[in-house]
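Read off the chains here:
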Amino acid sequence: MSKFLWSYLLISPAVLGATLVVSSSAMAADAQQPADALNPAVAKAESAETAETSEAKLNALAAVSEITAASEPVEEISQVAGSATQAAMADVATAATESAIVGANTAPAEANPQAASQPTSESLAAVEPTVAQPVENSAPAAQVETPAPAATALPEQIGAVQLETPAPAVAESAEQSLPQPAESLAQTAAPQEQNPAATLEQLNQYSTEGAAGGETEGQVTSVSQLSDVRPTDWAFQALQSLVERYGCIAGYPDGTFRGNRAMTRYEFAAGLNACLDKVSELIRGGTGNFATRDDLAALQRLQEEFAAELATLRGRVDALEARTSELEANQFSTTTKLTGEAIFALSDDFGGNVGLFGRDERRVGSDNNEAVFQQRVRLNLNTSFTGRDLLLTRLQVGNGRNFNLGATSEGTQTWNVVGRTDNVVALDTLLYKFPVGQRLNVTLAANAVVWDDILPTVNPYFEDFDGGNGSLSAFGQRNPIYRLGGGAGIGFDYAFGGRGLLGGVFGPTSLSFGYLASNPASPARGAGLLNGDYAAMGQLTFTPGRNLQVAFNYNHGYFNRGNFGFDNGLGNGIDNLGGFTGTGVANSLNGLSEGFEGFGARKVVTNSYGAQASLRLSPRFILGGWAGLTNARILGIGDAKIWNYAVTLALPDLGKEGNLLGLVVGREPYLDKLEASRSLRSFRNDDSYHVEGFYKFQLSDNISVTPGVIWVTNPNQDDRNDDIIIGTLRTTFTF
């Protein structure tokens, strides 16, 4: 179809309708050619009939052109495409269609001239498919290219014509054979003589079409400003991106988007243009960072120069990926990490004579302590399900026993803190920590949990929570009142600041408290979670800066007969002295909690108060210490006071990164006062000091060797006892 024909299609609605009829006939003729080849006789007869029909159509076309040039503006043409296609498929309806075109172009204009100036979107949508689908082989249409003067009489508004003719079933197959709209429009020349004023008027009218009551759209900056848009809408994400990222989607003044309303092509063009302008602006703003041709050339030269190195690196990456895949396929667990610590310790007691029990001066102990080689192994299964929680399952085995030092627990070393000493694997700590919000941590204690698992002990470098890399003695790890009670229960730790270690040493200011029962699994009378031995503890920790931390705590405990002692709630029972630190007089309350011949053991209720602090004078000089008071009430007997205190000095990274020099000087828990009858309160209270020094040498990231000495004067707070001097060489393996 020629350029002139398409010019007429855009100029006159009457010419448009007539041309569609002729073009449809030509299309039908093209479709008939294969059939003519099969039946020449029939084709000849139909060819004559077609010639007559074409001549009649041309006469009608001329008449339409004359009428259109002289008439007033008429209504728009609607549904022309469907009617024209139907006429092309049914020659029987051709004459009726032509008559309808001619009549419709004259009668509406005479009857209602104002109606001709009201365009609608429906008529435009109906005309456009017809223009966009020309027939390539349209020889008859070339005959109507002559009446170009009709373009000068183009009306400003095109009237509406409805062609109602039956649509044969073959129309669908005919439409499929037509060229695609994009291809046709790309080859169509725009009319050269169209009235610019009329075109501008149409654009203005169509741009406001669909806005009820003259509403205009207002730009929004957030999708939340559109009241009728919900996150559950299927296009919510796309709309949110267009509004908040590109700012090229507008809403109505009433705060709605009306996403289900149909849009005009002009509205679509306006929105698309706004988005393209925004994208162009973003591109112009970022062109300064684009690579130039010279940059690409330099990069190519570098690739060629380092081709061998790149190939080697690629091979290493491939090897790492293969190893990673193998590890993932054979890993122990996707949620659990295994860590462990093994302690080998060579120790000997260089002290003198046996100890003397304070109350009745009965000789207990031996002076024949030999050098020992002991070990303890702890395996920790650290499981996390969310990345912020921790399920700790610890298995423990060891054979570390105390020296025969008489009725005292002074000088106990960290690997001697073990349940059984016959190399039997046993479940030690079992707990689950999880956060509630950003500040609160909750600890569910199931087995053998101690207070340092819940509360900060404010003793960095000496407290390592396993005993293999800090102090040698249990006393040097923390204030002994943290060893009153243990077992199962619950704990809370609320941080007033952010989590993490300030300067890599101190935790945040926090409030911590918890409850632990020593024998919660037993249903026996006087046992269980709430009716047996228990301890409740609270602590307020201040961290005013990166170099100072201070804590104050309170511990309230109840202990059945024979179970009192600084022993993490182990509860050895009657006639078995307990405690991992302190004198025998303090751990047994002068024998009153354990019982002795002619005197039954008593229950004990305690209220303990502690204060501890740590000051970092420099990154390699940490000064700390603590003090603790335990007020113990021996039920049916009276009250007692137990004190302990210490000063610590840590010199980290001395000589090498990872090394540690540590000094501890203080008094392990000792009985200071006992309110009881004269026959029960007789005990000695000579000064018994604990002095400890050690130097940890870090051989590698996983191996350290720590030589050290523990010296206890006047053991069991009795100056008649020889001093205890323990020399130790500890080797620790961590993995």
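Residues numbered from 1 in each chain as written. Predicted model: local features only at pLDDT ≥ 70, side-chain atom pairs only at ≥ 80, totals over all residues. Heavy atoms only, no water.

### Description of the overall build of the protein
Our working rule: Comment: elements are numbered from the N terminus, with helices defined as DSSP H or I runs of at least four residues and strands as E runs of at least two. Relative accessibility under 20% of the residue-type maximum defines a buried residue, over 50% an exposed one, and the middle range a partly exposed one, all with a 1.4 Å probe and only protein chains included. Here, Shrake-Rupley sampling with a 1.4 Å probe gives the accessible areas, and only protein chains in the shown set may cover a residue.
Secondary structure assignment for the protein yields 16 helices and 20 strands. Taking all 735 residues of the protein together, the buried fraction comes to 42%. Carbon and sulfur atoms make up 57% of the accessible area of the protein, which totals about 37300 Å².

### Observations regarding the pairing of strand S7 (residues 390-398)
The criterion, for reference: One requirement defines pairing of two strands: DSSP has to find at least two bridges between them.
Note: strand S6 (residues 372-383) against S7, eight bridges, orientation antiparallel. Counted as the bridge partner of Arg-376 is Gly-398 from S7. What sits between S6 and S7 in their antiparallel hairpin is a turn of six residues, with Gly-387 showing a positive phi close to 95°.

### Comments concerning the confidence of the model for the protein
In plain terms, the rule: Residue-level confidence of the predictor, termed pLDDT, takes values from 0 up to 100.
Scored by pLDDT, the protein comes out at a mean of 75, with 66% of its residues at no less than 70. The least confident element of the protein is helix H9 (residues 181-186), whose mean pLDDT is 36; the most confident is strand S18 (residues 690-698), at 98.

### Quick look at the pattern of salt bridges
Here is the rule we go by: Only one rule defines a salt bridge in this text: a Lys or Arg side-chain nitrogen within 4 Å of an Asp or Glu carboxyl oxygen.
Counted under the stated rule, the structure contains 16 salt bridges. We note a salt bridge from Arg-420 to Asp-422, for which the minimum N-O separation is 2.8 Å. Asp-422 gets classed as partly exposed once you look at its relative accessible area, which sits at 40%. In this structure, the salt-bridge partner of Arg-720 is Asp-718, at a minimum N-O distance of 3.0 Å. Take Arg-720: its relative accessible area is 36%, and that puts it in the partly exposed class. When its relative accessible area of 0% is taken as the criterion, Asp-718 is described as buried. Taken together, the shared-partner salt bridges connect Arg-684, Asp-686, Asp-718, Asp-719 and Arg-720 into one network.

### Some thoughts on the pairing of strand S8 (residues 426-436)
Pairing geometry for S7 and S8, over six bridges, is antiparallel. By the bridge assignment, Gln-396 is partnered in S8 with Ala-426. Pairing of S8 with strand S9 (residues 440-449) involves seven bridges; the strand directions are antiparallel. Looking at S9, one finds that Leu-430 is bridged to Asn-447.

### Digging into the nonpolar core
For the record, the criterion: We define a nonpolar core as any set of buried Ala, Val, Leu, Ile, Met, Phe, Trp, Tyr and Cys residues linked to one another through side-chain atoms lying within 4.5 Å.
Counting 31 residues, the largest nonpolar core has Trp-451, Phe-564, Leu-589, Ile-642, Leu-671 and Leu-674 as the members making the most contacts within it. Elements represented by at least two residues in this core include exactly S9, strand S12 (534-545), helix H16 (584-588), strand S15 (621-634), strand S16 (638-652) and strand S17 (660-674).

### Observations concerning the packing of aromatic side chains
Selection rule: Only Phe, Tyr and Trp rings take part, Trp by its six-membered ring, and two of them pair if their centres are within 6.5 Å. Stacked means planes under 30 degrees apart, edge-to-face means over 60, and tilted covers everything else. Over a ring means this: the NZ of a Lys or the CZ of an Arg is within 6 Å of the ring centre and within 35 degrees of the ring normal.
All chains considered together, the criterion is met by 14 aromatic pairs. Aromatic side chains Tyr-494 and Phe-496 sit 5.3 Å apart centroid to centroid with 80° between the ring planes, which places their arrangement in the edge-to-face category. The cationic tip of Arg-258 hangs over the ring face of Tyr-252; the distance from NZ or CZ to the ring centre is 4.0 Å. The cationic tip of Arg-667 hangs over the ring face of Tyr-670; the distance from NZ or CZ to the ring centre is 3.6 Å.

### Some remarks on the side chain of Arg-394
Short version of the rule: Any pair of residues with heavy atoms lying within 4.5 Å of one another is described as a contacting pair.
Its place among the elements puts Arg-394 in strand S7. Using a relative accessible area of 9% as the deciding quantity, one classes Arg-394 as buried. Contacts of Arg-394, omitting those with residues within four sequence positions, involve Arg-378, Leu-379, Asn-380, Ala-426, Leu-427, Asp-428, Thr-429, Phe-465 and Asp-466.

### Some details on unusual backbone geometry
Here the phi dihedral of Arg-258 falls at roughly 55°; this positive angle occurs in a residue that is not glycine. For Arg-258, the location among the structural elements is in the loop between strand S2 (250-251) and helix H12 (265-286). Judged by its relative accessible area of 26%, Arg-258 is partly exposed. Unlike most non-glycine residues, Asp-653 shows phi in positive territory, near 60°. Here Asp-653 shows up in the loop between S16 and S17. Since its relative accessible area comes to 26%, Asp-653 is described here as partly exposed.

### Observations regarding the side chain of Ser-473
Inclusion rule: We call two N or O atoms a polar contact when they sit within 3.5 Å, provided that within protein one can donate a hydrogen and the other can accept it, with sequence-adjacent residues counted only if both atoms are side-chain atoms.
The topology assignment puts Ser-473 in the loop between S9 and strand S10 (487-495). Take Ser-473: its relative accessible area is 1%, and that puts it in the buried class. Polar side-chain contacts of Ser-473 include one of 3.0 Å to the backbone nitrogen of Gly-476. Residue contacts for Ser-473: discarding those within four places in its chain leaves Thr-412, Gln-413, Thr-414, His-690, Glu-692 and Ile-710.

### Focus: the environment of Glu-463
Relative to the helices and strands, Glu-463 is located in the loop between S9 and S10. Each C-alpha atom of the pair Glu-463 and Arg-478 lies 6.6 Å from the other, and the pair is 15 residues apart in sequence. Setting aside residues up to four positions removed in sequence, Glu-463 forms contacts with Asp-452, Thr-457, Gln-477 and Arg-478. A polar contact of 2.5 Å, which involves the side chain of Glu-463, links it to the side chain of Arg-478.

### Structural notes on the packing of helix H13 (residues 293-305) against helix H14 (residues 307-330)
Convention followed: A fitted line through C-alpha atoms serves as each axis, taken over the contacting stretch for helices, and the angle formed by two N-to-C directions is quoted from 0 to 180°. Every angle not falling under 35 degrees, over 145, or within 65 to 115 is termed oblique; those three ranges are roughly parallel, roughly antiparallel and roughly perpendicular. Residue type decides the class: Asp, Glu, Lys and Arg count as charged, Ala, Val, Leu, Ile, Met, Phe, Trp, Tyr, Cys and Pro as nonpolar, and the leftover types, Gly among them, as polar.
Packing of H13 against H14 brings their axes to within 4 Å, and their N-to-C directions diverge by 75°. In terms of their interaxial angle, H13 and H14 are classed as roughly perpendicular. Where H13 abuts H14, its residues Gln-303, Glu-304 and Glu-305 lie against Ala-307, Glu-309 and Leu-310. Partitioning the contact of H13 with H14 into residue classes produces two nonpolar, one polar and three charged.

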